[in-house]
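The residues making up each chain are set out below.
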Amino acid sequence: MKRVLLQYDVAHGRLPRPERILEQAAFLKEYGLNGVMLYLDGEGAQKSLPVRGSIPADYLTVLKTGLRRLSLEFVPHIQTLGHLERMLARSGMEPWRDDPGGGRVVRIDSPEVRNGMKRYIAEAMELFGSEWIHCGGDEAWTLGLGVSRPYLAAAGLENALGEYWNELHQTVRARGGKMVLYADELIVYPALRNRLDRDIVIANWGYCAPDEIFEQENGHYAAHHAVTAGRESWITGNSMAEYLFLPFPRLPENLQVLERLGHESGADTFVISDWGSWENISPMLNTLLGALFVLRRLKCPDYGIREFLSELSELVFGRRETAFLHAVRTMLEAQCAKYWPRTICRTGPMLPRFFTGDPDQRMIGTLSAAIDPAKLNRLKKEMEQACLLLDSLAGKTGVRRMQWLHDLRWTARRLLAAVLRAELCFRHAWYTGAVWIDGAGRHALRQDYETYRNLAAGDIALHRKVWRRDCLPGGLGESCALLKTAAGSAGKTIHCPENTLLYFPPENP
């Protein structure tokens, strides 16, 4: 690829400290990174929209100056169609809402919206100083179902959307820039492909393996050549930083298909996306390590888990450390078919769901019921061992990157907590309400729950500490609330019904 960009999501409550982004960018530049993209949706607006975004201009200025010193590009990613629920929920945005109750999609039939979006595009291009501007356009599932419905019905969706985006494109082109759009609408509405200006760049994306449910439902890989034909194109993959830890072999499987499609379509840019760390709870080290693997893999298709582990050990210790290699391998493989039924693996990243999902949710119940308890018990034991191994390394002399080791130790405990919670959810899914339980059994259940609760409490404490180190204060309360809710909802899995056996043990025959 001619260009590789690392995207940070700054639109959902977490603002990484500028010095942390610059530190990561400087490190990754040595491995082939060409620039940084910030995902803003509407939060980068300063004066262009009816309400101001949450990202201050001086934050962007510091990053722009620092990246320029590093000779790295700085590219804005806004949204011009959907994914704008946070912005649309605010007072003052009522005229922009296609859904009067708020929603996530703007009215493309409104001159006010069109003019506001053109102002926002100009503002973002000025703040970033890049020739590129990514204008989003993905996952706008409710387009035309609200106030704009009569307009789209009369004009035809393809005609209306093509006219809207072409009008915005004129603003980009007038400023000497190039507009990038996601492929989603072109996949679902093929006639739109010929309605868009030919020099609009199409960015196709996919964050899964080719046989996962997302591809079956959305067809991003299957439609790739049709949506990019005759156009300049980009490929967007995922560092998978938000999945508690990098999932192998899911990450290299995803890259393999994207590399192939990008090569066949002549894509010149690969965007490594990081989507806010699954409700903003994962350490930024995950972003760094995920991007490192992608950059290495793009240059060397044979680069795999063995090479990655060796490189991490060298970076942390300056040598191959056997205990480290063993522990981190377990962490990398904790979300694969070695420990989980393949059907669960094909639904997407399961550990984040088990870590934060309500045990009574349909998805959690379905996944929990399919768990193989023997495999899960094996993973639990191996994760416990991984935690012990990483703890044993903390006191060693000569550690080159102690902060990395600290965050990996924390992540190992988080993975263990997710496994314990998955075990609790499994029991919950299989609970019938008609069980005999004795005192020993009740004690074991409560002890397992307390073990999880202690890990969850320690996790929240470490989350606060690392957030304050790496990110600005805003958003911390929301992410802590998520973790506290998850810890509390796990209590639903403990069933210790009063029954005769608890108080009247059977006589020996």
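Before any of the text, the structure's been laid out above.
Rules used in this analysis
- Residues numbered from 1 in each chain as written.
- Predicted model: local features only at pLDDT ≥ 70, side-chain atom pairs only at ≥ 80, totals over all residues.
- Heavy atoms only, no water.
- Helix = DSSP H or I, 4+ residues; strand = E, 2+ residues; numbered from the N terminus.
- Rg over C-alpha atoms; globule rule 2.2 N^0.38 Å.
- Buried < 20%, exposed > 50% of the residue type's maximum accessible area, 1.4 Å probe, protein only.
- Contact = heavy atoms within 4.5 Å.
- Areas by Shrake-Rupley, 256 points an atom, 1.4 Å probe, with all protein chains shown as cover.
- Lys, Arg positive; Asp, Glu negative; His and termini not counted.
- Charge placed at Lys NZ, Arg CZ, Asp CG, Glu CD.
- Phe/Tyr/Trp six-rings, centres within 6.5 Å; stacked < 30°, edge-to-face > 60°.
- Pairing = 2+ DSSP bridges.
- Right-handed = clockwise from strand over helix to strand, strands pointing away.

Caption draft 1: Broad picture of the overall build of the chain. Each helix and strand counted, the chain has 22 helices and eight strands in total. Against the 2.2 N^0.38 benchmark of 23 Å for 509 residues, the chain shows a C-alpha radius of gyration of 24 Å, consistent with a compact globule. Viewed in the frame of its principal axes, the chain has a C-alpha envelope of about 90 × 55 × 40 Å. For the chain, buried positions account for 59% of its 509 residues. Restricting to contacts in the chain with at least 6 residues of sequence separation, those with at least 24 account for 77%. Of the roughly 20,200 Å² of accessible surface on the chain, 53% is carried by carbon and sulfur atoms. Distance between charge centres in the chain, computed from 62 positive and 60 negative side chains, equals 4 Å.

Caption draft 2: Local environment of the packing of aromatic side chains. Counted by the stated rule, this structure contains 16 aromatic pairs. Between the aromatic rings of Trp-205 and Tyr-207, the centroid separation amounts to 4.8 Å while the plane-to-plane angle is 45°, which identifies the pairing as tilted. For the pair shown, Trp-205 and Tyr-207 are each scored as buried. Considering the side-chain rings of Trp-340 and Phe-354, the 5.5 Å spacing of their centres and the 15° angle between planes classify their relative orientation as stacked. Taken as a pair, Trp-340 in the loop between helix H14 (322–332) and helix H15 (342–345) and Phe-354 in helix H16 (residues 350–356) lie far apart in primary sequence, 14 residues in all. Of the two residues examined, Trp-340 and Phe-354, each falls in the buried class. An aromatic cluster of at least three residues, connected via ring pairs, comprises Tyr-182, Trp-205, Tyr-207 and Phe-214.

Caption draft 3: How the structure looks around the pairing of strand S3 (residues 73–78). Most of S3 sits inside the fold, with five of its six residues counted as buried. Pairing of strand S2 (residues 35–41) with S3, which is carried by six bridges, proceeds in the parallel orientation. Along S3, the bridge assignment pairs Gly-35 with Glu-73. Since S2 and S3 lie parallel, the crossover through helix H2 (residues 57–69) that links them has a hand, and here it is right-handed.

Function-wise, these values are silent; they only describe arrangement.
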